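Below are the chains, spelled out letter by letter.
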Amino acid sequence: MDYSRFFRCGTIHPAGALDDAAFRAGLTRELTSNATYRKKRKGNAGAGRFAFDALDAQTRAGNLMAQELRRQVRRYIAALPSCVGHPFVTSRPARYALRGWSVITSGDDHFDPHIHPQAWLSGIYYLARPDVSRDAGSERGWLRMGPPAQFGVSAGQGWAERSVEPSPGRLVLMPGYFYHGTRPTLSEEARVCVAFNVVPEELDTAPAGARGR
């Protein structure tokens, strides 16, 4: 969990979006209009409303988001430090696909700590959140990275933790092997984000015609 070298968190401003707040509001309406609720089942990280293929939306807002996320991924790869022998750096893919889905949660919806086995890099772009998530003391709806408690591992064993406030416009990028989960908002207001993976071409299971860099 090397945060200093491989974790990135910051606010982005998609090119072509004249008003960030209006852009995110419109995109949120698009993504929530066709989302389907899924209960947490055995083997699933969490529950909530999901809409898949979020990066393939044939709308102006959807295209602007997809273009910006792809640009940010290219910037991340180009800025990687030279770590001779580090498996994450040496395994950076020459060709890859971006696979994304929208996540809408409320109430006690949350995600247990999990990883994305097929992903080289994972990301989250926040669009909307409930007011209660502004409280740093409770961290309701916040992203948490660190040791997976379900495996009996704790921060006391030297595995650093980090929490991220789900501020609209914020983009998080991290290796796919970073354990991460979310806290429930316990609010009727929706927390909306787009999660995505950078999947090496050889691991991508989508039809060949749907692949892209």
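These numbers were taken from a predicted model, which means no experiment stands behind them.

### As for the side chain of serine 187
Relative to the helices and strands, serine 187 is located in the loop between β9 (180-182) and β10 (191-200). Taking relative accessible area as the criterion, serine 187 reaches 10% and is therefore assigned buried. Looking at serine 187, its side chain comes within polar contact range of the main-chain nitrogen of glutamate 189, at 3.1 Å. With near-sequence residues (within four places) excluded, serine 187 lies in contact with Ser106, Gly107, Pro130, Val132 and Arg140.

### Details of helix α2 (residues 20-33)
If you check α2, its first and last C-alpha atoms are 20 Å apart, about what 14 residues at 1.5 Å a residue would give, namely 20 Å. Those residues of α2 that sit buried are Asp20, Phe23, Arg24, Gly26, Leu27, Thr28 and Leu31. In this structure, the buried residues of α2 make contact with β3 (48-52), α3 (60-78), β4 (96-105), β5 (121-128) and β10. Looking at where α2 begins, the residue whose side-chain oxygen comes 3.1 Å from the main-chain nitrogen of alanine 21 is aspartate 19.

### A few points about the packing of aromatic side chains
This model, assessed by the stated rule, comprises eleven aromatic pairs. Between the aromatic rings of tyrosine 3 and phenylalanine 178, the centroid separation amounts to 5.7 Å while the plane-to-plane angle is 85°, which identifies the pairing as edge-to-face. With a gap of 175 residues between them, tyrosine 3 in helix α1 (residues 3-6) and phenylalanine 178 in the loop between β8 (170-175) and β9 connect regions that are remote in the sequence. Residue classification places tyrosine 3 among the buried positions, given a relative accessible area of 7%. Residue classification places phenylalanine 178 among the buried residues on the basis of a relative accessible area of 0%. Taking the centre distance of 6.0 Å and the plane angle of 85° together, the rings of phenylalanine 50 and phenylalanine 111 count as edge-to-face.

What counts, and where the lines are drawn
- For every chain, the first residue of the written sequence is number 1, and numbering continues from 1 onward in sequence order.
- For this predicted model, a pLDDT threshold of at least 70 governs which residues receive local features, and a threshold of 80 or more governs which side-chain atom pairs are given and counted, while totals over whole chains, interfaces and linings are taken from all residues.
- Processing note: side-chain calculations cover all non-hydrogen atoms of the structure and skip hydrogens and water entirely.
- The helix count covers DSSP runs of H or I at least four residues long, the strand count covers runs of E at least two residues long, and both are numbered beginning at the N terminus.
- Classification of residues uses two cut-offs on accessible area relative to the type maximum, computed with a 1.4 Å probe and protein chains only: under 20% is buried, over 50% is exposed, and between them is partly exposed.
- Here a polar contact is recorded for every N or O atom pair within 3.5 Å, except that within protein the pair must consist of a potential hydrogen donor and a potential acceptor, and residues adjacent in sequence are included only if both atoms are side-chain atoms.
- Here a residue-residue contact requires only that any non-hydrogen atoms of the pair lie within 4.5 Å.
- Under the convention used throughout, the expected extent of a helix is 1.5 Å for every residue step, that is, one less than its residue count.
- Between 30 and 60 degrees the pair is tilted, below 30 it is stacked and above 60 it is edge-to-face, where a pair is any two Phe, Tyr or Trp rings, Trp via its six-membered ring, whose centres lie within 6.5 Å.

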